[in-house]
Amino acid sequence: MAAPAPAPGSEAALAAALADVPELARLLEIDPYLKPFAQDFQRRYKRFNQTLDNIGENEGGIDKFSRGYESFGIHKCADGGIYCKEWAPGAEGVFLTGDFNDWNPFSYPFKKLEYGKWELYIPPKQDKSLIPHGSKLKFKHSRPKKPRGVRIYESHVGISSHEGKVASYKHFTCNILPRIKDLGYNCIQLMAIMEHAYYASFGYQITSFFAASSRYGTPEELKELVDTAHSMGITVLLDVVHSHASKNSEDGLNMFDGTDSCYFHSGPRGNHDLWDSRLFAYSSWEVLRFLLSNIRWWLEEYGFDGFRFDGITSMLYHHHGMGQGFSGDYHEYFGLQVDEDALIYLMLANHLIHMLYPDSITIAEDVSGMPALCSPISQGGCGFDYRLAMAIPDKWIKLLKEFKDEDWNMGDIVHTLTNRRYLEKCIAYAESHDQALVGDKTLAFWLMDAEMYTNMSVLTPFTPVIDRGIQLHKMIRLITHALGGEGYLNFMGNEFGHPEWLDFPRKGNNESYHYARRQFHLTDDELLRYKFLNNFDRDMNKLEERFGWLSAPQAYVSEKHEANKVIAFERADLLFIFNFHPSKSYTDYRVGTKSLGKFKIVLDSDEAEYGGHQRLDHGTDFFSEAFQHNGLPHSLLVYIPSRVALILQNVDLPH
């Protein structure tokens, strides 16, 4: 008889898990509260390895398995003919149709193979340029190295023009990439690239996973965009949607073989009620081949440097996160509610991506806060490089909606910005595309929408609304950048306080493109105040590039004073000071520091070029003394005006 399995949570169960997962001990050392769930990590790691071994035994390894796109789909042969291969196990017949044969469904029938696969070969004499295709464009520039601190410019090609139309890959390459470079971002995240029939879905209802959206131009023009970004040292991420697929049955995967279970779960489990879309069956062998090959195809065909995985909370749990508050109780992340098929797929995807290109970047969009999502697979984790810090923008919106400035809680702000798992990296952001969409409001809109169309001219005096908005916009973004994570993200246009929301052409707005655009010309206008926010964003990013606070250890916060509304912390040998008080300025305000020396201002949100009031003399030096303050051995006295953020550098320290 086989020995009984050790009781869950017992010492024997823990010992067995530690024996099976190479680096689980390290994960449990970092977070001892995960010990009761050691068997869950053991099971996940075993299933991951079993799947990897099965792929090796049956397909010759994940390298070969992930090249499914080389045989599946439609391909031009060396002899000039065309070879087609599809997986459609429920189909009674498969045919190739299109404009080239007047949509005759019977002129090119496929031949049935084993395991639900079908193939078709059209000899060259019948081809006669059946499916025209342009020549491929070779990349000219190598991929950039992984940035030490990633600064992401979240972008949508179609809305990148100020004109009311769908902008092109060419337009983005020629006009937007130079802006991104000048602003100091070292990474772009391209949204809505995977083909989607409905433009207003923002690219989240995918119909063709192996197609770059043709509405922006040709595949070669997208390759040129990626290559040009690489020439600028910019990493390019793809917003990949493997969490669900469009329900379209005419031009999508749904009902591909005449059944509802080809790529998706059959019945209710295969439908996402909130998104009105189909859900993949991640345990299916051919679905794994399809999705892993899709990952590899975007990496190799277009030269993308990694992915932001959309909506993975929906993948991780059978309840898809719907109606769940996620209190932080660890039991919410383990047990029967977890869809381990999807979890194993994500582990395989991360394994493949980093095996092929070690400098690749993967980011998880997860609202649940699942532990070990960004821990190495060898520890039993999921293997992502970063997760989005999704609580941060919610906090800023809540403060602006529900609280007066004098009632902002400094401790609560600091807690939200620093509340992340040790050694699991986060991408911090004050706002993303979610806040820019119609129905929500950007930070600039919450702060200034009443006057943005009338009082943003430099020829008119500051009004209290515009003054408050410009000062807080800078402070919110800087403290998020410096304190909130190990990476930073901004949605295109938000850096200069874009004055309108984002809404795609649809029936509800009479198919208008008026809001499906970004008005970059506003920040180029010297007579408008948008330039001030743009200047600050640029210098904030370039200062991070110089000092590397995103890649430095998490900041030590020495002050979060509720009455004074002052927050102070050190990170990357820089001293950050924020005075959020709406009216009080402080002379000779004592701030703690770990070092002795002479301090100089390296960034001041009150400077004129940032729309500030120029209340600080940059010729003044600040000297720290051996005077303990707030738990630090040294301190200095500074002048910190109201609604101002300062960064000081100790110039006596070696750099």
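For the structure given in this document, a descriptive report is provided here. What you see is a predicted model; the values in this text were computed from it and never measured. (Residues numbered from 1 in each chain as written. Predicted model: local features only at pLDDT ≥ 70, side-chain atom pairs only at ≥ 80, totals over all residues. Heavy atoms only, no water.)

Taken in spatial order, the 4 strands line up as S1-S2-S4-S3 in an open sheet, and their pairing is antiparallel. Each edge of the open sheet carries a strand with a single partner, namely strand S1 (73–76) and strand S3 (111–112). Pairing between strand S2 (residues 82–87) and strand S4 (residues 117–122): 6 bridges, direction antiparallel. Within S4, the position partnered with cysteine 84 by the bridge is leucine 120. (Pairing = 2+ DSSP bridges. Helix = DSSP H or I, 4+ residues; strand = E, 2+ residues; numbered from the N terminus.)

Counted residue by residue, strand S19 (residues 574–579) has 6 buried out of 6 residues, so it is predominantly covered. Here S19 shows two buried faces, one formed by Leu574, Phe576 and Phe578 and the other by Leu575, Ile577 and Asn579. Sheet topology places strand S18 (residues 566–571) next to S19; 6 bridges connect them, and they run antiparallel. If you follow valine 566 over to S19, its bridge partner there is asparagine 579. The turn linking S18 back onto S19 is made up of 2 residues, and alanine 572 within it adopts a positive phi angle of 55°. In this sheet, strand S24 (residues 644–650) lies alongside S19 in antiparallel orientation, the contact comprising 6 bridges. (Buried < 20%, exposed > 50% of the residue type's maximum accessible area, 1.4 Å probe, protein only.)

This part covers the packing of aromatic side chains. The full count for this structure, using the stated rule, is 42 aromatic pairs. On the numbers, 4.4 Å between centres and 10° between planes, the contact of phenylalanine 37 with phenylalanine 334 is stacked. Taken as a pair, phenylalanine 37 in the loop between helix H2 (24–30) and helix H3 (38–59) and phenylalanine 334 in the loop between helix H9 (312–316) and helix H10 (340–356) lie far apart in primary sequence, 297 residues in all. Plain terms: the ring middles of tryptophan 298 and phenylalanine 304 are 6.0 Å apart, the flat faces sit at 70° to each other, and that makes the pair edge-to-face. Relative accessible area serves as the criterion here: at 0%, tryptophan 298 is assigned to the buried category. (Phe/Tyr/Trp six-rings, centres within 6.5 Å; stacked < 30°, edge-to-face > 60°.)

Because each turn of an α-helix spans 3.6 residues, side chains separated by three or four positions end up pointing in the same direction. In this model helix H17 (residues 530–547) runs 26 Å from its N-terminal to its C-terminal C-alpha over 18 residues, within 8% of the 26 Å that 1.5 Å per residue would give. Among the 18 residues of H17, 15 are classified as buried, and the element is accordingly described as predominantly covered. Just past H17, the residue glycine 548 takes up positive phi, approximately 70°. (Expected span 1.5 Å × (residues − 1).)

The phi dihedral of aspartate 588 is positive, around 50°, even though this residue is not glycine. In this fold, aspartate 588 is placed in strand S20 (residues 586–593). Since its relative accessible area comes to 53%, aspartate 588 is described here as exposed. One non-glycine residue, asparagine 630, adopts positive backbone phi at about 55°. Structurally, asparagine 630 can be placed in the loop between strand S22 (622–623) and strand S23 (634–640).

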